[in-house]
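Commentary on secondary and tertiary structure
Listed below, chain by chain, are the residues.
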Amino acid sequence: MKQLLLLLVAFLLATQTKAQEQNDTKWAIMPYVGVSLSTSTSAAIFIDTNKEIREKFTSGFTAGVDVIYRNNSPSAFSAGLNYTQAGWGYKDALFEDPKKGGTAYQNSWQRLHYVSIPLMGHLYLNERFAIKTGIQIGYLVGAKLHLEEHPYTISADGRYTYDEKVVTIINKTEGLNKIDVLIPMGISYEYNNVVLDVRYAIGLTKTEKYFFTSENNRIITATVGYKFKL
């Protein structure tokens, strides 16, 4: 991990230094909007020591603005501010004792809201395609946990009787790490100042302190932006 960070810093410094060597510099500002698809490296709800509900991807929203610095070289540097919905869903699960009953778990998810600062180095393969990487530091501004449990019993003749559904909603950031550090990697396509961007970011910091076994964020974003040259 240290080697990855050192290579990343070296890449960003080389990108910025190369840009400063040119006289014909170009600045641009680019607002963008898009969608996010996220999960974690490992998230689960443990019902007991032998039963767990595993995570799955969940969709969300992202929007932000980047300030881009580029010259005649194939490299560029950007810094921005964005809002991203992250988190994960939980797969539906059924835990049953054939003689007594059980509980069905449905429509359960964890939503995390981040305001982040992405610092990116860009390498243009040609005038339209670019690959990029960098570091992104996010601050958790909100969180929502939604759990649905539907208990039921099984009678002697095999009939199912469902009890009232139990819905748990927690709107708190307690137990969650406020700072999230990620390494984003992506590719973009630009045409007539319209930029299509796809990124994959993996977190270096754990999302939760306790209770769940979630590890690090994994976030895929797809955005469209318009570049205004300054």
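Figured I'd write up the structure that's included with this text. Given the structure is predicted, the values throughout are model-derived calculations rather than measurements.

Brief notes about empty space enclosed by the protein
- One pass over the structure, following the stated rule, counts three cavities of 30 Å³ or more.
- By volume, the largest cavity is sized at about 170 Å³.
- Of the residues belonging to the lining of the largest cavity, the class tally is five nonpolar, six polar and three charged.
- Taken together, M30, D66, I68, H122, Y124, K132, S188, E190, V195, D197, R199 and K227 make up the lining of the second largest cavity.
- Contributing elements (two or more residues each) for the lining of the second largest cavity: β4 (58-70), β7 (101-124), β11 (179-191) and β12 (194-206).
- With three residues, the top contributor of residues to the lining of the second largest cavity is β12.
- Per-class residue counts for the lining of the second largest cavity are four nonpolar, two polar and six charged.

Considerations on the packing of aromatic side chains
- Following the criterion strictly, the structure yields five aromatic pairs and no others.
- With a centroid separation of 6.5 Å and 45° between ring planes, the pair formed by F61 and Y83 is classed as tilted. Of the two residues, F61 is situated in strand β4 and Y83 in strand β5 (residues 75-90); the sequence distance between them amounts to 22 residues.
- Under the relative-accessibility criterion, F61 is labelled partly exposed at 38%.
- Geometrically, the ring pair formed by Y226 and F228 is edge-to-face, given 4.9 Å between the ring centres and 65° between the ring planes.
- Over the ring of Y124 we find R70, and its NZ or CZ is 3.8 Å from the ring centre.

Rules and cut-offs
- Residues numbered from 1 in each chain as written.
- Predicted model: local features only at pLDDT ≥ 70, side-chain atom pairs only at ≥ 80, totals over all residues.
- Heavy atoms only, no water.
- 1 Å grid on protein atoms, 1.4 Å probe; cavity = no way out; pocket = protein on both sides within 12 Å on 5 of 7 lines; lining within 4 Å.
- Points joined across faces, edges and corners; volume = space filled by probe spheres on them.
- Nonpolar A, V, L, I, M, F, W, Y, C, P; charged D, E, K, R; others polar.
- Helix = DSSP H or I, 4+ residues; strand = E, 2+ residues; numbered from the N terminus.
- Phe/Tyr/Trp six-rings, centres within 6.5 Å; stacked < 30°, edge-to-face > 60°.
- Buried < 20%, exposed > 50% of the residue type's maximum accessible area, 1.4 Å probe, protein only.
- Lys NZ or Arg CZ within 6 Å of the ring centre and 35° of its normal.

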